[in-house]
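Below are the chains, spelled out letter by letter.
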Amino acid sequence: MRHGRYSRHRQQGVAAVETVLVMPVLLAGVMMLFEVARLVLVLIIGNLALEAALDALRLDGELLFTDTGSVAEKTRDRMLSAAYGYLAADEIEVRVVSYPSLAAFGNGLASGEEEASGEDGDEDDSTAAKGYPILEVEVDLTQPWITALPALLGFDASFTHTYRQILGTLYRPAEAS
């Protein structure tokens with residue numbers, strides 16, 4: 001009888017030690033699951049907010065698309081209003097590059113840049129004036145993690161995602177904007 005009782009207590013001790021070793025791993029896994037779920041939620045909300053902001057931008061008849069500063073500011077403000085409170089103003093950075101036409105976009109010439117090639121420059125300038133403006137919008141979204149676990153695992157203190165959109169059908173000529 002003594003032998004059976006001893007092995008039963010010994011087995012309970014082994015189970016306790018195994019539990020102590022496994023619990024931190026399970027806890028870290030659950031914490032990372034919450035981090036990944038929140039990351040996906042923020043990325044989806046950021047994408048929806050950017051889409052809503054750009055849709056409103058297309059309908060804005062008074063906005064000059066060559067004024068990249070005001071386009072970036074309006075995009076940022078509209079993203080914040082469409083983000084359900086999940087995004088803050090200091091977490092969003094918007095950059096906008098305006099091209100006078102599709103040909104200028106293909107050549108990589110932003111508004112105000114001069115083309116260095118000789119003969120083709122005059123022809124491209126005349127077609128650029130007749131084209132529709134193209135906007136390239138980049139938004140950097142940066143948010144901190146909600147737990148300390150990513151920092152313990154060697155990640156940065158926050159995650160960053162860049163959204164890129166190109167608007168090419170703004171339905172009005174470049175000279176009107």
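In case you missed it, the structure is sitting above this.
Residues numbered from 1 in each chain as written. Predicted model: local features only at pLDDT ≥ 70, side-chain atom pairs only at ≥ 80, totals over all residues. Heavy atoms only, no water.

This brings us to the packing of aromatic side chains. Taken as a whole and assessed by the stated rule, the structure comprises 2 aromatic pairs. Both rings, one in Trp 145 and one in Phe 155, keep their centres 6.4 Å apart while their planes meet at 50°; by these two values the pair is tilted. Of this pair, Trp 145 sits in the loop between strand 2 (134-144) and helix 5 (149-152) while Phe 155 sits in the loop between helix 5 and strand 3 (158-167); the two residues are 10 residues apart in sequence, bridging distant segments of the chain. Ring geometry for Trp 145 against Phe 159: centres 5.1 Å apart, planes inclined by 55°, an arrangement best described as tilted. Taken together, the residues span a long stretch of sequence, with Trp 145 in the loop between strand 2 and helix 5 and Phe 159 in strand 3 at a distance of 14 residues. Both residues of the pair, Trp 145 and Phe 159, count as buried. Here the aromatic cluster, defined as three or more aromatic residues joined through ring pairs, consists of Trp 145, Phe 155 and Phe 159. (Phe/Tyr/Trp six-rings, centres within 6.5 Å; stacked < 30°, edge-to-face > 60°. Helix = DSSP H or I, 4+ residues; strand = E, 2+ residues; numbered from the N terminus. Buried < 20%, exposed > 50% of the residue type's maximum accessible area, 1.4 Å probe, protein only.)

Moving on: the side chain of Gln 143. Positionally, Gln 143 belongs in strand 2. Within the local environment of Gln 143, its side chain forms a polar contact with the side chain of Arg 38, the two groups lying 2.8 Å apart. Not counting residues within four places of it along the chain, the set of residues in contact with Gln 143 comprises Arg 38, Val 42, Tyr 86, Leu 87, Glu 91, Ser 158 and Phe 159. (Polar contact = N/O pair within 3.5 Å; in protein donor to acceptor, adjacent residues only side chain to side chain. Contact = heavy atoms within 4.5 Å.)

Judged by nonpolar contacts, the single largest core of 25 residues is most densely connected at Leu 57, Met 79 and Val 139. Where this core is concerned, the elements lending two or more residues are helix 1 (2-59), helix 2 (68-81), strand 1 (92-99), strand 2 and strand 3. Ranked by residue count, the leading element in this core is helix 1, at 7 residues. For Leu 57, the contacting residues outside a window of four places in its chain are Leu 63, Phe 65, Val 71, Thr 75, Arg 78, Leu 135 and Leu 167. (Core = buried A, V, L, I, M, F, W, Y, C linked by side-chain atoms within 4.5 Å.)

With that out of the way, let us pick up the pairing of strand 2. In terms of residue burial, strand 2 counts as a mostly covered element, since 8 of its 11 residues are buried. Bridge count for strand 1 against strand 2 is 8 bridges, and the pairing is antiparallel. Along strand 2, the bridge assignment pairs Ile 92 with Leu 141. The pairing of strand 2 with strand 3 spans 10 bridges and is classified as antiparallel. The partner of Leu 141 across the bridge, within strand 3, is His 161. (Pairing = 2+ DSSP bridges.)

Taken as a whole, this structure holds 5 salt bridges when the rule is applied. With its nearest N and O atoms 2.8 Å apart, the salt bridge here joins Asp 140 to Arg 95. Highlighted residues: Asp 140 in strand 2 and Arg 95 in strand 1, separated in sequence by 45 residues. Overall, Asp 140 belongs to the buried group, its relative accessible area being 15%. The structure contains a network of salt bridges with shared partners spanning Glu 93, Arg 95, Glu 138, Asp 140 and Arg 164. (Salt bridge = Lys/Arg side-chain N within 4 Å of Asp/Glu carboxyl O.)

The subject of this paragraph is a nonpolar patch on the surface. There is a patch of nonpolar side chains on the surface, built from Val 17, Leu 21, Val 22, Met 23 and Leu 26 and spanning about 490 Å² of accessible area. With respect to the element layout, Leu 26 can be found in helix 1. (Patch = residues over 30% accessible without salt bridge, like charges linked within 9 Å, V, L, I, M, F, W, Y side chains within 5 Å. Areas by Shrake-Rupley, 256 points an atom, 1.4 Å probe, with all protein chains shown as cover.)

This part covers the sheet that holds strand 1. Taken together, 3 strands build an open sheet; the order of strands is 1-2-3 and the sheet is antiparallel. The sheet is open, and its two borders are formed by strand 1 and strand 3, each paired with just one other strand. The sheet shows a mean angle of 10° between the axes of neighbouring strands, taken without regard to direction. Relative to strand 1, helix 2 is tilted by about 140°, and along the sheet it contacts strand 1 and strand 2. (Axes fitted to C-alpha atoms, helices over the stretch in contact; angles between N-to-C directions.)

We now examine unusual backbone geometry. You will see that Tyr 84, though not glycine, has its phi angle at about 55°, which is positive. For Tyr 84, the location among the structural elements is in the loop between helix 2 and strand 1. Note on Tyr 84: relative accessible area 65%, which makes it exposed.

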